[in-house]
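So the chains spell out like this:
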Amino acid sequence: GNRPVGWLSRYLHTENTRRLLQEEGFLYHMDDYSSDTPFWAAVKGSDKPMVIVPYALDSNDMKMWLAPAFTPDMWLKYACDTLDVLLAQGQTSMQPRMMSLGLHLRIIGRPGRIGALRKFMAYVKQQPDVWVATRGQIADHFASVSPFQASGLGAVV
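For clarity, every value in this text was computed on a predicted model and none was experimentally measured.

**Overview of the side chain of Thr-37**
Its place among the elements puts Thr-37 in the loop between strand 2 (28–29) and strand 3 (39–41). What makes Thr-37 buried here is its relative accessible area of 9%. Ignoring sequence-local partners within four residues, the contact set of Thr-37 consists of Pro-54, Gln-95, Pro-96 and Arg-97.

**Section: the packing of aromatic side chains**
In total, this model carries 4 aromatic pairs according to the counting rule given. Note on Trp-40 and Phe-142: the rings are 5.8 Å apart at their centroids and 45 degrees apart in plane angle, and the pair reads as tilted. One end of the pair, Trp-40, is in strand 3; the other, Phe-142, is in helix 6 (residues 135–145), with 102 residues separating them in the sequence. Grouping residues by exposure puts Trp-40 and Phe-142 together as buried. Summarising the aromatic geometry, the rings of Trp-75 and Phe-120 are spaced 6.1 Å apart at their centres and angled 65 degrees between planes, so their arrangement reads as edge-to-face. Here Trp-75 is found in helix 3 (residues 72–93), whereas its partner Phe-120 is found in helix 5 (residues 114–126), with 45 residues between them in sequence. As far as the burial class goes, Trp-75 and Phe-120 line up, both buried. Taking the ring centre of Tyr-78 as reference, the NZ or CZ of Lys-63 above it sits at 3.9 Å.

**Looking at the sheet that holds strand 1 (residues 6–7)**
Spatially, the 4 strands line up as an open sheet ordered 1-2-4-3, and their pairing is mixed. The strands lining the two open edges of the sheet, one partner per strand, are strand 1 and strand 3. Direction of pairing for strand 2 relative to strand 4 (residues 50–52): parallel, over a ladder of 2 bridges. Note that in strand 4 the partner of His-29 across the bridge is Ile-52.

**Some points on the packing of helix 3 against helix 5**
Where helix 3 contacts helix 5, the axes come no closer than 9 Å and their chain directions differ by 20 degrees. When the axes of helix 3 and helix 5 are compared, the pair comes out roughly parallel. As for the relative orientation of helix 3 and helix 5, their crossing is right-handed in sense. Judged by residue contacts, Pro-72, Trp-75, Leu-76, Ala-79, Cys-80, Leu-83 and Asp-84 of helix 3 engage Ala-116, Leu-117, Lys-119, Phe-120, Tyr-123 and Val-124 from helix 5. Its residues placed into classes, the contact of helix 3 with helix 5 shows 11 nonpolar, no polar and 2 charged.

**Considerations on helix 3**
Because each turn of an α-helix spans 3.6 residues, side chains separated by three or four positions in sequence point in the same direction. Over its 22 residues, helix 3 runs 31 Å from end to end, which matches the ideal 32 Å to within 8%, given 1.5 Å per residue. Taken together, the buried positions of helix 3 are occupied by Trp-75, Leu-76, Ala-79, Cys-80, Thr-82, Leu-83, Leu-86, Leu-87 and Gly-90. One face of helix 3 carries all of its buried residues, which in axial projection span an arc of 155 degrees. For helix 3, exposure combined with an orientation more than 90 degrees from the buried face picks out Asp-73, Lys-77 and Thr-92. In the segment just after helix 3, Met-94 is the residue with positive phi, at about 60 degrees.

Procedures and definitions
- Residues numbered from 1 in each chain as written.
- Predicted model: local features only at pLDDT ≥ 70, side-chain atom pairs only at ≥ 80, totals over all residues.
- Heavy atoms only, no water.
- Helix = DSSP H or I, 4+ residues; strand = E, 2+ residues; numbered from the N terminus.
- Buried < 20%, exposed > 50% of the residue type's maximum accessible area, 1.4 Å probe, protein only.
- Contact = heavy atoms within 4.5 Å.
- Phe/Tyr/Trp six-rings, centres within 6.5 Å; stacked < 30°, edge-to-face > 60°.
- Lys NZ or Arg CZ within 6 Å of the ring centre and 35° of its normal.
- Pairing = 2+ DSSP bridges.
- Axes fitted to C-alpha atoms, helices over the stretch in contact; angles between N-to-C directions.
- Parallel < 35°, antiparallel > 145°, perpendicular 65-115°, else oblique.
- Left-handed = near helix turned anticlockwise from the far one by under 90°.
- Nonpolar A, V, L, I, M, F, W, Y, C, P; charged D, E, K, R; others polar.
- Expected span 1.5 Å × (residues − 1).
- Arc of directions from axis to C-beta.

Keep in mind these numbers describe shape, not what the thing actually does.
Have a look at this one:
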């Protein structure tokens with residue numbers, strides 16, 4: 001019932017995509033796989049930057065769809081290992097990391113797979129200093145604590 005505030009084009013974006021998204025009032029774009037933290041990016045044809053909330057394909061549940069031998073237990077271990085490494089990196093660098101977890105009802109929601117998600121969420125709740133948030137919440141927070149710096153090319157802040 002809510003209008004989206006962010007966009008994932010997958011493979012169908014052009015140099016005009018971010019400008020068009022801005023014009024339509026979108027807060028963030030997520031067609032980027034280069035980072036584990038949000039960042040500002042310059043937008044061609046606009047004087048305003050856009051928040052980029054990167055996406056991660058490796059922790060996506062799609063593996064269980066495309067490679068049926070990839071089991072829910074394997075996905076759970078991968079997700080927990082990913083969280084552990086990102087938490088450690090965040091503590092070492094004193095800069096928070098973001099874990100992107102792409103989930104699809106038709107995949108993780110199946111009776112033989114949903115338990116892995118439940119176990120992962122229980123694992124997340126055991127960890128200190130973890131914020132479970134929507135991408136919109138992450139983009140809002142990032143924009144409020146990391147104002148865009150006009151110097152440079154508008155790259156990672």
